[in-house]
Amino acid sequence: MFRIGHGYDVHALGDGLRLVLGGVEIPHDKGCIAHSDGDVLVHAICDALLGALALGDIGKHFPDTSAEFKGIDSLILLRRVVALIGERGYRIGNIDSTIAMQRPKLRPHIDLMRERIAAAAGVTVEQVSVKATTTEHLGFEGEEKGVSATAVCLLIEN
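It should be emphasised that the depicted structure is a prediction, and the values quoted were computed from it without experimental measurement. (Residues numbered from 1 in each chain as written. Predicted model: local features only at pLDDT ≥ 70, side-chain atom pairs only at ≥ 80, totals over all residues. Heavy atoms only, no water.)

J.: If you had to explain the overall build of the protein to someone new, which residues and values would you point to?
T.: For the protein, the count of helices and strands is 5 helices and 7 strands. Counting helices and strands in the order they occur from the N terminus, the protein gives β-β-β-β-α-α-α-β-α-β-α-β. The C-alpha atoms of the protein give 15 Å as radius of gyration, which agrees with the globular expectation for 158 residues (15 Å, within 12%). Once the C-alpha set of the protein is aligned to its principal axes, its extents read approximately 45 × 35 × 25 Å. If you take every contact in the protein between residues at least 6 apart in sequence, the share linking residues at least 24 apart comes to 71%. Put simply, the protein shows about 7,400 Å² of open surface, and 54% of that area lies on carbon and sulfur atoms. (Helix = DSSP H or I, 4+ residues; strand = E, 2+ residues; numbered from the N terminus. Rg over C-alpha atoms; globule rule 2.2 N^0.38 Å. Contact = heavy atoms within 4.5 Å. Areas by Shrake-Rupley, 256 points an atom, 1.4 Å probe, with all protein chains shown as cover.)

J.: Give a detailed account of the nonpolar core, specifying residues and quantitative values.
T.: Counting residues in each nonpolar core, the largest one holds 49 residues, and the members touching the most others are Leu-21, Leu-49, Leu-78, Ile-99 and Leu-155. Those elements that provide at least two residues to this core are helix 1 (40–52), helix 3 (74–87), strand 5 (90–100), helix 4 (107–121), strand 6 (128–133) and strand 7 (146–157). When residues of this core are assigned to their parent elements, the largest contribution, 10 residues, is made by helix 1. (Core = buried A, V, L, I, M, F, W, Y, C linked by side-chain atoms within 4.5 Å. Buried < 20%, exposed > 50% of the residue type's maximum accessible area, 1.4 Å probe, protein only.)

J.: Any details on the pairing of strand 7? Residues and values, ideally.
T.: The pairing of strand 1 (residues 2–15) with strand 7 spans 11 bridges and is antiparallel. Among the inter-strand pairings, Ala-12 is bridged to a residue of strand 7, identified as Gly-146. Strand direction decides the pairing type here: strand 5 and strand 7, joined by 10 bridges, are antiparallel. Within strand 7, the position partnered with Ser-97 by the bridge is Ala-151. (Pairing = 2+ DSSP bridges.)

J.: Before we move on, could you go through helix 1 and cite the residues and values that matter?
T.: Taking 1.5 Å per residue, 13 residues should reach 18 Å; helix 1 reaches 18 Å between its end C-alpha atoms and fits that length. Counting buried positions along helix 1 yields 12 of 13 residues, so the element is predominantly enclosed. Every buried residue of helix 1 is listed here: Val-40, Leu-41, Val-42, His-43, Ala-44, Ile-45, Cys-46, Asp-47, Ala-48, Leu-49, Leu-50 and Ala-52. Once helix 1 ends, the next one or two residues include Ala-54, with phi positive near 55°. (Expected span 1.5 Å × (residues − 1).)

J.: Could you give me a rundown of the environment of Asp-15, with the residues and numbers involved?
T.: Relative to the assigned elements, Asp-15 resides in strand 1. Judged by its relative accessible area of 64%, Asp-15 falls in the exposed class. Taking the C-alpha atoms as reference, Asp-15 lies 9.2 Å from Ile-33; in sequence the two are 18 residues apart. Ignoring any residue separated from it by four or fewer positions in sequence, one finds Asp-15 in contact with Asp-29 and Lys-30.

By themselves, these are just geometric observations and shouldn't be taken as functional.
In structure tokens, the structure reads:
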């Protein structure tokens, strides 16, 4: 049996904060305003994985009202989500994701993002796709007010 999931996350950008995407800290003058490390890419992936098995969303499992998750590395959350999936008898077939952000250019960081996501998810790099796009200066991403990410995944029953 196969299950497909979709995830979406968005965070506002603030001056002088860390920008972490796909488990990689990226040099930039702005970063995500968030309770955790604000990694929208990993959050979208977590939501896709949880959604594939109708387990709710990342906020249900890791609420932003909990001190336990303050500043947490989102790759830790991904590992926990993957464990939940495994407990239910599924494994990841593949993950496909897209980050929407006007700048900085993300292409130089994508290979490392894929490696870190794959390691945290317990899959090969070939099973993880990360793409980046600008929004041609349109919308909150294009105006550099925020960043968003979408992800889809395929889960395969063991």
